[in-house]
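# Understanding the architecture of this molecule
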Amino acid sequence: MRNKSKSIRTRLFLTLSITLTIIIGLFIIVNNIILERFYIYSKENSLLDAYKLINSYYSSEETSDIENKLQEMEINNNFEILITTPYNATVYMSNNDFTPSYMNIIIKREFLHNASLIYSDNKIIINQSQDITTGYKFIYLTSTLDNEYKLYIRVPIASIKESVKISNTFLQLIGFVILIISGIIVVIISKRFTEPILQLNEVAKKMSKLDFSTKYKETKSNDEIDNLGKSINVMSNTMEKTIKQLRNTNIELEKDIEEKSKTDEMRKQFISDVSHELKTPIALIQGYAEGLVENVAKDEESRKFYAEVILDESNKMDILVKKLLELIKIEYGALEFNNSEFDITELISEIIRKSQVMLDEKNIKVIYNRHEKIMIYADEFYTEQIINNYFTNAIKNAKEINGKKEIIINIKQKEENIKISVFNTGDNIKEEDLERIWKRFYKLDESRNRQDGGTGIGLALVKAIMERTGKKYGVENKEDGVEFYFEI
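Residues numbered from 1 in each chain as written. Predicted model: local features only at pLDDT ≥ 70, side-chain atom pairs only at ≥ 80, totals over all residues. Heavy atoms only, no water.

## Topic: the overall build of the protein chain
For the protein chain, the count of helices and strands is 13 helices and 13 strands. Partitioning the intrachain contacts of the protein chain with sequence separation of at least 6 by distance along the chain shows that 64% fall at a separation of at least 24. Accessible area for the protein chain stands at about 30,500 Å²; split by element, carbon and sulfur atoms hold 54% of it. (Helix = DSSP H or I, 4+ residues; strand = E, 2+ residues; numbered from the N terminus. Contact = heavy atoms within 4.5 Å. Areas by Shrake-Rupley, 256 points an atom, 1.4 Å probe, with all protein chains shown as cover.)

## What about the nonpolar core?
Core analysis: the biggest nonpolar cluster contains 45 residues, and Ile344, Ile348, Tyr390, Ile407 and Phe484 have the highest contact counts within it. When contributions to this core are tallied by element, the ones reaching two or more residues are helix H7 (300-331), helix H8 (344-354), strand E9 (375-378), helix H10 (380-397), strand E10 (406-414), strand E11 (417-425), helix H13 (458-469) and strand E13 (481-487). Sequence-distant contacts of Tyr390, that is, excluding residues within four places in its chain, are made with Val422, Trp438, Leu459, Val462, Tyr473, Gly474, Phe484, Tyr485 and Phe486. Core analysis: the second largest hydrophobic core is formed by 24 residues, Tyr57, Ile81, Tyr92 and Ile157 among them. (Core = buried A, V, L, I, M, F, W, Y, C linked by side-chain atoms within 4.5 Å. Buried < 20%, exposed > 50% of the residue type's maximum accessible area, 1.4 Å probe, protein only.)

## Notes on the pattern of salt bridges
In total, this model carries eight salt bridges according to the counting rule given. When the shortest N-O distance is used, the salt bridge between Asp427 and Lys399 registers 2.5 Å. Taken as a pair, Asp427 in the loop between E11 and helix H11 (433-436) and Lys399 in the loop between H10 and E10 lie far apart in primary sequence, 28 residues in all. Taking relative accessible area as the criterion, Asp427 reaches 47% and is therefore assigned partly exposed. (Salt bridge = Lys/Arg side-chain N within 4 Å of Asp/Glu carboxyl O.)

## Considerations on the confidence of the model for the protein chain
Of the residues in the protein chain, 86% have a pLDDT of 70 or more, and the chain-wide mean is 80. Looking across the protein chain, the model is least confident in helix H12 (residues 446-451), with a mean pLDDT of 46, and most confident in E13, with 95. (pLDDT = per-residue confidence, 0-100.)

## Structural notes on the pairing of E13
Buried residues dominate E13, accounting for seven of its seven residues. Counting the residues that bridge the hairpin from strand E12 (residues 473-477) to E13 gives three residues. (Pairing = 2+ DSSP bridges.)

## A short note on the packing of H10 against H13
Contact geometry for H10 and H13: axes closest at 10 Å, N-to-C directions at 145°. Of the two possible hands of crossing, H10 and H13 adopt the one that is left-handed. Residue-level inspection shows Tyr382, Gln385, Ile386, Asn389, Tyr390 and Asn393 of H10 in contact with H13, the latter providing Gly458, Leu459, Leu461, Val462, Ile465 and Met466. Considering only residue class, the contact of H10 with H13 consists of eight nonpolar, four polar and no charged. (Axes fitted to C-alpha atoms, helices over the stretch in contact; angles between N-to-C directions. Left-handed = near helix turned anticlockwise from the far one by under 90°. Nonpolar A, V, L, I, M, F, W, Y, C, P; charged D, E, K, R; others polar.)

## Points about the sheet that holds strand E1 (residues 80-84)
An order of E2-E1-E6-E5-E4-E3 is seen for the six strands of this open sheet, with the pairing classed as antiparallel. In this open sheet, the two edge strands, each paired with only one partner strand, are strand E2 (90-93) and strand E3 (116-120). For this sheet, the mean angle separating the axes of adjacent strands, direction not counted, is 15°. The pairing of E3 with strand E4 (residues 124-130) spans four bridges and is classified as antiparallel. Note on E4: the bridge partner recorded for Leu117 is Asn127.

## Re unusual backbone geometry
Positioned with a positive phi, Glu148 is a non-glycine residue whose angle comes to about 80°. If you trace the backbone, Glu148 turns up in the loop between strand E5 (137-144) and strand E6 (150-156). With phi around 55°, Asn363 is a residue other than glycine that occupies positive phi space. Summarising the element assignment, Asn363 is placed in the loop between helix H9 (356-361) and strand E8 (365-367). Classification of Asn363 by relative accessible area gives exposed; the value is 64%.

So this is what it looks like as structure tokens:
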């Protein structure tokens, strides 16, 4: 902003300087060309007036004071006066250089060389000539008074030349002083005019980048610049409101498009997953149903077995579809958590109690020694689903190692979170499968999972829930088994 200000002020200063220089130059040219001519014209009139006045002196009867009057005239006008009789006898002479013989030479030379004539009538001749001996130029008046006296007056032109030179020098000096004063004035005045312009420029630049935070500082001058600044402020406010509205509309539109894309993706994914996973149960149901229709099962017990398989597969399909719907909703953000405060120790105890039948069947020992209350703030339903999935997997995969077949549940305080882990004795998970087990429908043992009623969605559901919460979760191979964990 400072550089631009300097640029504007410099241009103003240069413009004014050039203008003043041109004006002063014109004055000097006019001085050289016209002043001398004007001066000669002025002296011509002075000489004519002097002739009239001197003529009146000698026409008057009173002649006692003529010499004093002539001397005063000489001093006031820088004249040299010579008056002679018709026979060249001297009546009045200013100095010894200006004599009748001198004038005879001048008149003769002017006649011979046709000197520069300024004025002429029947009685008066005014011309310009140069003194051969001194080289000075003079204006001469040659005339005859009414009493027949001859009047000669000369004025040196050298004084005119000197006056022009002094005048030109004075003009140059005045011009230099004016230039300095005008420079100071330009700096002061330009600051008043350039600052609002530069401020408007800065506001316009910010507006071009859609930044409407900078406003023009209005003044009380109410001039054109101030009115322009006010108009720009109004335009800035209007554009800011309009762009905000456009942005909000664009955000809403993007959300709508994103929501529609998510819905389409959910629909495609759901159809793809369901189509893939329902092939086996549908084939089983279809096979056993055809067996019943064609009366393959002859006895009542066989028909009952066929019906139980059909019912069992139907239930599995129902559970699969429901879990799949729930998983997709969580993954695509279509489901909001309903957080509340509850006791996590009581929730785990209830999960263990519900699974006691399976634990007894598989002769699995559960170690969980947490009795005090631990209140947490989370979605109780989905927290139960995570623990239940870990616990169910632990039951399915628990094996006897070193004479132990156990599931250990631990709760550890970790800064502002708690870490819940579920460990089961058994085989370690292969390194390449540690990441794959979190994918939907990935099963380490296809046949065993079908037998135990697994859907292959449980751990994918855990992953989707945990990624929505942004907390840590995972699985680790231990010395005698596998441990799944999550933070809440």
